[in-house]
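Below, each chain spelled out in residue letters.
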2 protein chains.
Amino acid sequence: MATRTRRSQRRTEALSRERIVEAAIELLDAAGESGLTFRALTERLATGPGAIYWHVANKGELLGAATDAVVAAALAAEPAASAKSPEPAGPAGPAESPEAAGPAESAGPAEAAGPAESAESPEAAGAAGAAGPAESAGSPQDGIRAVALGLFDAIEEHPWLASQLMTQLSHSLWETVAPRIFESVGRQIRALGVPESSWFAATSALMHYILGAAGQNATNAASARTLGPEVDRARFLDAASTAWEQLDPDDYPFTRAVAGQLRGHDDREQFLAGVDLILAGITASLPAR
Amino acid sequence: MATRTRRSQRRTEALSRERIVEAAIELLDAAGESGLTFRALTERLATGPGAIYWHVANKGELLGAATDAVVAAALAAEPAASAKSPEPAGPAGPAESPEAAGPAESAGPAEAAGPAESAESPEAAGAAGAAGPAESAGSPQDGIRAVALGLFDAIEEHPWLASQLMTQLSHSLWETVAPRIFESVGRQIRALGVPESSWFAATSALMHYILGAAGQNATNAASARTLGPEVDRARFLDAASTAWEQLDPDDYPFTRAVAGQLRGHDDREQFLAGVDLILAGITASLPAR
DNA sequence: ACCTGAACACCGTTCAAGT
DNA sequence: ACCTGAACACCGTTCAAGT
């Protein structure tokens, strides 16, 4: 049974690119990258493949649009590209408007980001104002941590996102999602007092770390989920840690020594420690105040 | 024409897991991840799919084996797991021996790594000896740069590697390739004088950055290659840079300001600058000597 | 302008059968 | 023990045809 319309499909509101992207994100979240299929999509949207191809060029473009929508939503709480925040969805990029905000958010495991909101760059202080409900700390460091955690959480909620951002980062994504991330991270770098000649290098380094670490974490989480439906994150780390402890002592002395730290570590904490490490490197090479 | 045996296939030496992995790497290098097909594999090896499935469980395992082989080769010049370097290929891991060295190396663009070889950790100084033909510098920093460049080059030569390492990093890879990288990077971290309690965090941060940055770079290089068969890397950066310069000034002031640096930058140099940034952060938080 | 759905070429994987 | 190759279920994409 349940062959059709798991979703009570009114199917009044005509097909649109937005609806297709929304459905694609839902499928990706539910079943990973292999879950996004034109067959599954047509069933969920109650159409034929031709209808989808009328709105979307191919699967790659659809993946790109889904990626952009989720990243935009993740950075929306941030002061990134939101000088005109109240309006529904102004066309942010130059070419093909990128689907507005993200659907399928659903506030996952109840706790969500935490800090967020926070700092605008000092020299443009008038714009941000005191609108934050929470603490709204001020330092650029806090701003960077907030952006980093925003992406970290988005990738954890949408594990397929890591692969897209890291390695599918096609031409079109370079022109839509890369600027979003660069802008959010870079404003804080600028606020930190980094000299302009180092902006690109510092921002790139941070972005690479953030995507790398968040991606790895999401993969581990996904692996853990696959092993057993629940309980399992600790079990996964425990298994990996045990395997490391059994490596050849001559070939892998360091890895064996570090196996215990693998077992005990908290992903989120470790992630932020890495961010702070890079921030320490950046501030250490800052010109004298 | 040319339907069969593009490769003059003697086909005497029986099929083996090694030959299959070797052929898989060749296909991946030649045509990317989508180029690895059981059909293409059977043609190149002059067999049927059943023969391959007798040696290999499925495509995922084959990808994992290819990944492990290439990473092992990339780190082989390093002092990682090579206490017994002359011997052909001792079984390094505990389970399923990992294919020995990498085939398909072919010394790409004639120049290759550069530094490499270099330092063993000080407290085991006797083992390394003065065997290096080149400069063989000594500092742990140089060691880390060498490991980082080794992986950077491997990913550039095998662009499919990034995606495997970043997001396909399945259970089995955690137990074969992750320790290789951890060991190579971690020994230098230890030699740097980082306190043991921070080994895991520091090594992880570096590894995430290395994989993230190298992966991004490989993707860009691949995108550039797709646009035009040659010339193109500069053209690709130029196009992206121009697109960034045309972003909305209100929404993307930082990204616009940094577009010029995107155009001019050298991937390799930028990559090493990021490594040094993290090293600066690590040494900055070192306990007083 | 927008949608339908059969059809095409291709994919990973299986398996009865051979040697 | 190792290999063959037809067959199966599924995939992305196309396209003549409808409204």
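Data block above holds the structure.
Residues numbered from 1 in each chain as written. Chains lettered and ligands numbered in written order. Predicted model: local features only at pLDDT ≥ 70, side-chain atom pairs only at ≥ 80, totals over all residues. Heavy atoms only, no water.

## Digging into the packing of helix α8 (residues 171-191) of chain A against helix α11 (residues 253-264) of chain B
No. 1: For the pair α8(A) and α11(B), the least separation of the axes is 8 Å and the interaxial angle reads 105 degrees. The angle between α8(A) and α11(B) places the two elements in the roughly perpendicular class. On the side of α8(A), the interface is formed by A:Trp174, A:Pro179, A:Phe182, A:Glu183, A:Gly186, A:Arg187 and A:Arg190, while α11(B) contributes B:Pro253, B:Phe254, B:Thr255, B:Val258 and B:Leu262.
No. 2: When the residues that make up the contact of α8(A) with α11(B) are grouped by side-chain class, the tally is seven nonpolar, two polar and three charged. (Axes fitted to C-alpha atoms, helices over the stretch in contact; angles between N-to-C directions. Helix = DSSP H or I, 4+ residues; strand = E, 2+ residues; numbered from the N terminus. Parallel < 35°, antiparallel > 145°, perpendicular 65-115°, else oblique. Contact = heavy atoms within 4.5 Å. Nonpolar A, V, L, I, M, F, W, Y, C, P; charged D, E, K, R; others polar.)

## Focus on the interface of chain B and chain A
No. 1: Each side of the interface is counted separately: chain B has 71 residues, and chain A has 70 residues.
No. 2: Carbon and sulfur atoms supply 66% of the area that chain B and chain A bury against each other, a total of about 6,200 Å² over both sides.
No. 3: Contact with chain A buries surface across chain B, with B:Trp174, B:Phe200 and B:Phe254 losing the most and accounting together for 13% of the total.
No. 4: Inspection of the region where chain B meets chain A yields zero salt bridges.
No. 5: The interface formed by chain B and chain A includes 18 residue pairs in polar contact (both at pLDDT 80 or more).
No. 6: Elements with a contribution of two residues or more to the side of chain B that touches chain A: α7 (160-168), α8 (171-191), α9 (199-227), α10 (233-245), α11 and α12 (267-284) of chain B.
No. 7: Looking at the side of chain B that touches chain A element by element, the count peaks at 17 residues for α9(B). (Buried area = accessible area lost by both parts, 1.4 Å probe. Salt bridge = Lys/Arg side-chain N within 4 Å of Asp/Glu carboxyl O. Polar contact = N/O pair within 3.5 Å; in protein donor to acceptor, adjacent residues only side chain to side chain.)

## Comments concerning the pattern of salt bridges
Residues and elements named next belong to chain A.
No. 1: Tallied over the full model, the rule gives 20 salt bridges over all chains.
No. 2: Taking the shortest distance from any N to any O, the salt bridge between aspartate 276 and arginine 145 comes out at 2.8 Å. Residue aspartate 276 is found in helix α12 (residues 267-284), and its partner arginine 145 is found in helix α6 (residues 140-157); the two are separated by 131 residues along the sequence.
No. 3: According to the relative accessible area criterion, aspartate 276 is partly exposed, its value standing at 31%.
No. 4: Close ionic contact of arginine 263 with glutamate 245 constitutes a salt bridge, the shortest N to O distance being 3.3 Å. Of this pair, arginine 263 sits in helix α11 (residues 253-264) while glutamate 245 sits in helix α10 (residues 233-245), placing them 18 residues apart in sequence.
No. 5: Classification of glutamate 245 as partly exposed rests on a relative accessible area of 34%.
No. 6: Through salt bridges with shared partners, one network takes in Asp142, Arg145 and Asp276. (Buried < 20%, exposed > 50% of the residue type's maximum accessible area, 1.4 Å probe, protein only.)

## Brief notes about the protein's contact with DNA strand C
No. 1: The environment of DNA strand C is formed by 17 residues, the closest being A:Thr47, A:Trp54, A:His55, B:Arg39 and B:Tyr53.
No. 2: Sugar plus phosphate: this is where 55% of the atoms of DNA strand C within 4 Å of the protein reside.
No. 3: Within the backbone of A:Gly50, an N or O atom sits 3.1 Å from a base oxygen of DNA strand C.
No. 4: Elements with a minimum of two residues in the surface near DNA strand C: α3 (49-55) of chain A together with α2 (38-45) and α3 (49-55) of chain B.
No. 5: Looking at the surface near DNA strand C, the element that brings in the most residues is α3(A), giving five residues.
No. 6: Among the residues making up the surface near DNA strand C, the classes are represented as eight nonpolar, seven polar and two charged. (Near = heavy atom within 4 Å.)

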